Amino acid sequence: MKKTENLLLKRLKQEDTAQEAFRELIALYKERLYWHIRNMVKIHEDTDDVLQNTFIKVYRNIDQFKGDSKLYSWMYRIATNESITFLNKKAKHLQLNSAELQDSIINNLEGDPYFEGKEIQLKLQKAIASLPAKQQQVFNMKYFQDLKYREIATILGTSEGALKASYHIAAKKIEEFLKSN
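The rules we used
- Residues numbered from 1 in each chain as written.
- Predicted model: local features only at pLDDT ≥ 70, side-chain atom pairs only at ≥ 80, totals over all residues.
- Heavy atoms only, no water.
- Core = buried A, V, L, I, M, F, W, Y, C linked by side-chain atoms within 4.5 Å.
- Buried < 20%, exposed > 50% of the residue type's maximum accessible area, 1.4 Å probe, protein only.
- Helix = DSSP H or I, 4+ residues; strand = E, 2+ residues; numbered from the N terminus.
- Contact = heavy atoms within 4.5 Å.
- Salt bridge = Lys/Arg side-chain N within 4 Å of Asp/Glu carboxyl O.
- Patch = residues over 30% accessible without salt bridge, like charges linked within 9 Å, V, L, I, M, F, W, Y side chains within 5 Å.
- Areas by Shrake-Rupley, 256 points an atom, 1.4 Å probe, with all protein chains shown as cover.
- Lys, Arg positive; Asp, Glu negative; His and termini not counted.
- Charge placed at Lys NZ, Arg CZ, Asp CG, Glu CD.

Caption draft 1: Expanded view of the nonpolar core. Core analysis: the biggest nonpolar cluster contains 46 residues, and Leu 25, Leu 33, Val 58, Leu 71, Trp 74 and Met 75 have the highest contact counts within it. Of the residues forming this core, the biggest block, 9 residues, is contributed by helix α4 (residues 71-93). Excluding anything up to four places from it in sequence, Leu 71 contacts Glu 5, Leu 8, Leu 9, Leu 25, Ile 62 and Phe 65.

Caption draft 2: The pattern of salt bridges, seen in detail. Overall, the coordinates contain 5 salt bridges when judged by the stated rule. Between Glu 175 and Lys 179 there is a salt bridge, with its nearest N and O atoms 3.1 Å apart. With Glu 175 and Lys 179 both in helix α9 (residues 160-180) and 4 residues apart, this pair spans about one turn of that helix. We classify Glu 175 as partly exposed; its relative accessible area is 34%. Lys 179 gets classed as exposed once you look at its relative accessible area, which sits at 60%. It is possible to trace a salt-bridge network through shared partners that takes in Arg 11, Glu 20 and Glu 24.

Caption draft 3: Layout of a positive patch on the surface. On the surface, a cluster of positive charge is contributed by Arg 32, Lys 70, Lys 148 and Arg 150. Within the secondary structure layout, Lys 70 lies in the loop between α3 (44-61) and α4. Overall, Lys 70 belongs to the partly exposed group, its relative accessible area being 40%.

Caption draft 4: The arrangement of the side chain of Thr 47 in detail. On the secondary structure map, Thr 47 appears in helix α3. Owing to a relative accessible area of 0%, Thr 47 belongs among the buried residues under this scheme. Non-local contacts of Thr 47, meaning those with residues more than four positions away in its chain, are made with Tyr 34, Ile 37, Arg 38 and Val 41.

Structure (structure tokens):
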């Protein structure tokens, strides 16, 4: 994979192959990034907007990618930052704090035609929304995307030990939430 990633990077940075390589990059990572963003912003249309912004930022900044991490880790970090920025702007626009925005989004999930969850999935989303933002990110990346702690640490720029503790605490809080609701 590293060899393929290095070849793709090389093609992305060359003017004559950049567009074709970028189409390949989108095909490779679009679905994974979509679900990463969707777990954060919840609404399909918002997810599409953030995903588009993420790929625009990747395209504009590919020359700044140093190769210190995997390409997808770098893109996940951009997607995470774009999602946070989007949610903050949305909260400000609606004159809500982040907790109120999360409540509003979760309460509107039932009416979202793209949300195919059953009642227990809706409860799980409510439980996740009750967590602090960092715990939400860690839980979503580990539970839904099955990322390794090492990968999450790279994406979020924190230690594996802190992530393990954060995930454990988040899982306990979710368990308690589900038992009491």
